[in-house]
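Structural overview
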Amino acid sequence: MPSGQDIIYLYPDSTVSNTDWTVGSGTLHENLVTIAQGNPNASAAKCTANDATFVVTMQDINSDSLKGPLVSIHSIQVQFERFMESKGESNSLSFIIEDSSGADYYNENVAITNQSGYFPHDLTERTTTPVATAWTESEVNGLRLEVMGTLTGGEMFINWLRIKVTYNWSDATYPADGTESKLIMDEGLVTLKDGLTIVK
C-alpha cells in the first residue's frame, strides 16, 4: 500500500484589503506569487508607511496536485522572502493566520534588523490549531494571511508569500459494494501489531 508524507504550497489568490503596500502593476496578491507559479512579471510588494497592512486569501488544497489521497495534515507553515536596501535599518513584519471568516488562528512577529538584501523566512511550523486539534482540509482551505509592516527606517519589500502544507497520503481505497466496505490495496505489506482478524 503506497503511502507517505509530502508537501504542497498554497499561494495568495485574492486581495481582501490593502493599505499602504504598493506593487509595480496588477493586484497585490498576483505580485506575491513566485515566478515559478506562473507570474514572470511579478514585482515586490513595498511597505510605504508605518503599520501598512494587507489581507490576502490563500489557495485551497488541490487534490489533483497531491501525491496520493490525503489522509491527514501534519502541519502548516508560513514562508516568505523579503528585501531591505541597506544595513542599519530596523523594521518588523507581523503575520496573522486567519480562518476563512477572518478570525485569528496565530500571530507571529519577525524582527528585521541590520540585514540588507534578499532573505527567505520560515515562521513557526504549526502542527495543530490553537485548540490543539489536528488541521483538517476544510480548515486549511480558505485560510487568510494578514500582514503588517512596521517601518523605523529605510524601505522594506515582500517578494513572495506562501503557506507550506505537509500532509500524509495513502493509496488505500474503501469502495462500497452495496452491502459492505472493502479495503483494497494494489501492493505492499500489511503488518497487524495486535487485534483480531476474521476472514469470511
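One structure accompanies this document, and this report is about it. Predicted model only: the values in this text are computed from it and were never measured.

Here we come to the pairing of strand E7 (residues 90-98). Counting buried residues in E7 gives 7 out of 9 residues, a clear majority hidden from the surface. Bridge count between E7 and strand E8 (residues 104-113): 9 bridges; the pairing is antiparallel. Bridge assignment links Glu98 to a residue of E8, and that residue is Asp104. Connecting E7 to the antiparallel partner E8 that follows it, the hairpin turn spans 5 residues, and Gly102 within it adopts a positive phi of roughly 100 degrees. Where E7 lies against strand E10 (residues 144-150), 7 bridges are found, and the strand directions are antiparallel. Looking at the pairing, Phe95 lines up with Val147 of E10.

Within soluble globular proteins, side chains that are nonpolar generally end up buried alongside one another. If you look at the biggest cluster of nonpolar residues, it comprises 39 residues, and the most contacted ones within it are Trp21 and Leu161. Elements represented by at least two residues in this core include exactly strand E1 (3-10), strand E4 (45-47), strand E5 (52-58), strand E6 (70-84), E7, E8, E10 and strand E11 (156-170). Of the residues forming this core, the biggest block, 7 residues, is contributed by E11. Non-local contacts of Leu161, meaning those with residues more than four positions away in its chain, are made with Tyr11, Pro12, Leu32, Phe54, Val56, Met58, Val78, Gln79, Phe80, Phe95, Leu145 and Val147.

A separate point is the side chain of Thr166. Tracing the chain through its elements places Thr166 in strand E11. The exposure class of Thr166 is buried, given its relative accessible area of 7%. Those residues in contact with Thr166, other than ones at most four positions away along the chain, are Gln5, Asp6, Ile7, Ile73, His74, Ser75 and Glu125.

Next up on the list: unusual backbone geometry. For Asp20, which is not glycine, the phi dihedral falls at a positive 70 degrees. Note that Asp20 resides in the loop between strand E2 (12-19) and strand E3 (21-22). Even without glycine at this site, Asp51 takes up a positive phi of about 65 degrees. With respect to the helices, strands and loops of the structure, Asp51 is situated in the loop between E4 and E5. Look at Asp51 and you get partly exposed, because its relative accessible area is 42%.

What counts, and at which threshold
- Residues numbered from 1 in each chain as written.
- Predicted model: local features only at pLDDT ≥ 70, side-chain atom pairs only at ≥ 80, totals over all residues.
- Heavy atoms only, no water.
- Buried < 20%, exposed > 50% of the residue type's maximum accessible area, 1.4 Å probe, protein only.
- Helix = DSSP H or I, 4+ residues; strand = E, 2+ residues; numbered from the N terminus.
- Pairing = 2+ DSSP bridges.
- Core = buried A, V, L, I, M, F, W, Y, C linked by side-chain atoms within 4.5 Å.
- Contact = heavy atoms within 4.5 Å.

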